[in-house]
Amino acid sequence: MSKPKDIIIVGWMERISLPDLDLDNIPAKIDTGARTSALHATRIETFTRDGAAWVRFRVRHPGARSGVTHEQPIHERRDIKNTSGVPEDRIVIRTDLLIAGHRWRIDLSLTDRTNMRSPIIVGRTALSAHNVAVHTRRTRLKKDPTQAPTRRGKAIQ
């Protein structure tokens, strides 16, 4: 019989990193009401590389060097509802998420979040397989995305 995973408790706002994109310690809203995670990106353009669909985009927010352009393979395009509930055709990439000392692969849509409070939302699909619970009244339970959560002074694995 395998031991159940410990629960990772995070606040509804946390600092996270996206190591594959060299984005460290960025403020994120942990939003279980959103299905898909979304990153603020501008100048989003698609192109073909070696017969595969790729995307070029620019990110500009705390934790990133100003105006960094990234290129990533496109995982898929899908309709994703925006904050008003209107479906938008969005490009989705796959990248690693680092939160509370844990790292795993997530789907991340690219969209202009200029008018939003945080440059990224982490949706429930990114959390569901990893035993993450969101504390709805607390924020920034971990100051550093590489820091593992603790329970009574002991690190949770």
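Preceding block: the structure.
Enquirer: What am I meant to see in the overall build of the chain here?
Expert: Each helix and strand counted, the chain has one helix and 14 strands in total. When each of the 157 residues of the chain is scored for burial, the buried share is 42%. For the chain, the share of sequence-separated contacts (at least 6 apart) that also reach a separation of at least 24 residues comes to 57%. Total accessible area on the chain is roughly 9,200 Å²; 45% of this is exposed by carbon and sulfur atoms.

Enquirer: How should the pairing of strand 8 (residues 76-81) be read in this particular structure?
Expert: Looking down a regular strand, the side chains alternate between one sheet face and the other. One ladder, built from six bridges, connects strand 8 with strand 9 (residues 87-99); its direction is antiparallel. The residue of strand 9 that forms the bridge with Ile80 is Glu88. Hairpin connection between strand 8 and strand 9: a loop of five residues separates the two successive antiparallel strands, and Gly85 in this loop has a positive phi of roughly 85 degrees.

Enquirer: I tried to follow the nonpolar core on my own but got confused; where do I start?
Expert: Soluble, globular proteins show a tendency: their nonpolar side chains are buried together. Counting 30 residues, the largest nonpolar core has Leu18, Leu39 and Phe57 as the members making the most contacts within it. Where this core is concerned, the elements lending two or more residues are strand 1 (8-11), strand 2 (13-18), strand 3 (23-31), strand 6 (52-59), strand 9, strand 10 (102-111), strand 11 (120-123) and helix 1 (124-127). Sequence-distant contacts of Phe57, defined by excluding residues within four places in its chain, comprise Leu21, Leu39, Ala41, Thr42, Arg43, Ile44, Val68, Thr69, His70, Gln72, Ile93 and Leu110.

Enquirer: Explain the sheet that holds strand 6 here, please?
Expert: Strand pairing in a sheet relies on backbone hydrogen bonds. The paired strands run either parallel or antiparallel. Sheet architecture is open: three strands sit in the order 5-6-7, paired in antiparallel fashion. Strands at the two margins of the open sheet, each flanked by one partner only, are strand 5 (42-49) and strand 7 (68-73). Between one strand axis and the next, the sheet turns by 20 degrees as a mean value, whatever way the strands run. Relative to strand 6, strand 5 is paired through six bridges, and the arrangement is antiparallel. By the bridge assignment for strand 6, Thr46 is matched with Val55.

Enquirer: Would you explain the side chain of Ser118 in this entry?
Expert: Along the chain, the position of Ser118 falls in the loop between strand 10 and strand 11. Classification of Ser118 as buried rests on a relative accessible area of 4%.

Enquirer: Even after reading the chapter, I still don't get the pattern of salt bridges, so can you show me in this structure?
Expert: Side-chain pairing between opposite charges can occur once the charged atoms of the two side chains come close. Taken as a whole and judged by the stated rule, the model has twelve salt bridges. In this structure, the salt-bridge partner of Asp89 is Arg77, at a minimum N-O distance of 3.0 Å. Taken together, the residues Asp89 in strand 9 and Arg77 in strand 8 connect sequence positions twelve residues apart. The class for Asp89 is partly exposed, based on a relative accessible area of 47%. A relative accessible area of 48% means that Arg77 is categorised as partly exposed. For Asp96, the salt bridge identified is with Arg103, shortest N-O distance 2.8 Å. Through salt bridges with shared partners, a single ionic network connects Asp20, Asp96, Arg103 and Arg105.

Analysis parameters
Residues numbered from 1 in each chain as written. Predicted model: local features only at pLDDT ≥ 70, side-chain atom pairs only at ≥ 80, totals over all residues. Heavy atoms only, no water. Helix = DSSP H or I, 4+ residues; strand = E, 2+ residues; numbered from the N terminus. Buried < 20%, exposed > 50% of the residue type's maximum accessible area, 1.4 Å probe, protein only. Contact = heavy atoms within 4.5 Å. Areas by Shrake-Rupley, 256 points an atom, 1.4 Å probe, with all protein chains shown as cover. Pairing = 2+ DSSP bridges. Core = buried A, V, L, I, M, F, W, Y, C linked by side-chain atoms within 4.5 Å. Axes fitted to C-alpha atoms, helices over the stretch in contact; angles between N-to-C directions. Salt bridge = Lys/Arg side-chain N within 4 Å of Asp/Glu carboxyl O.

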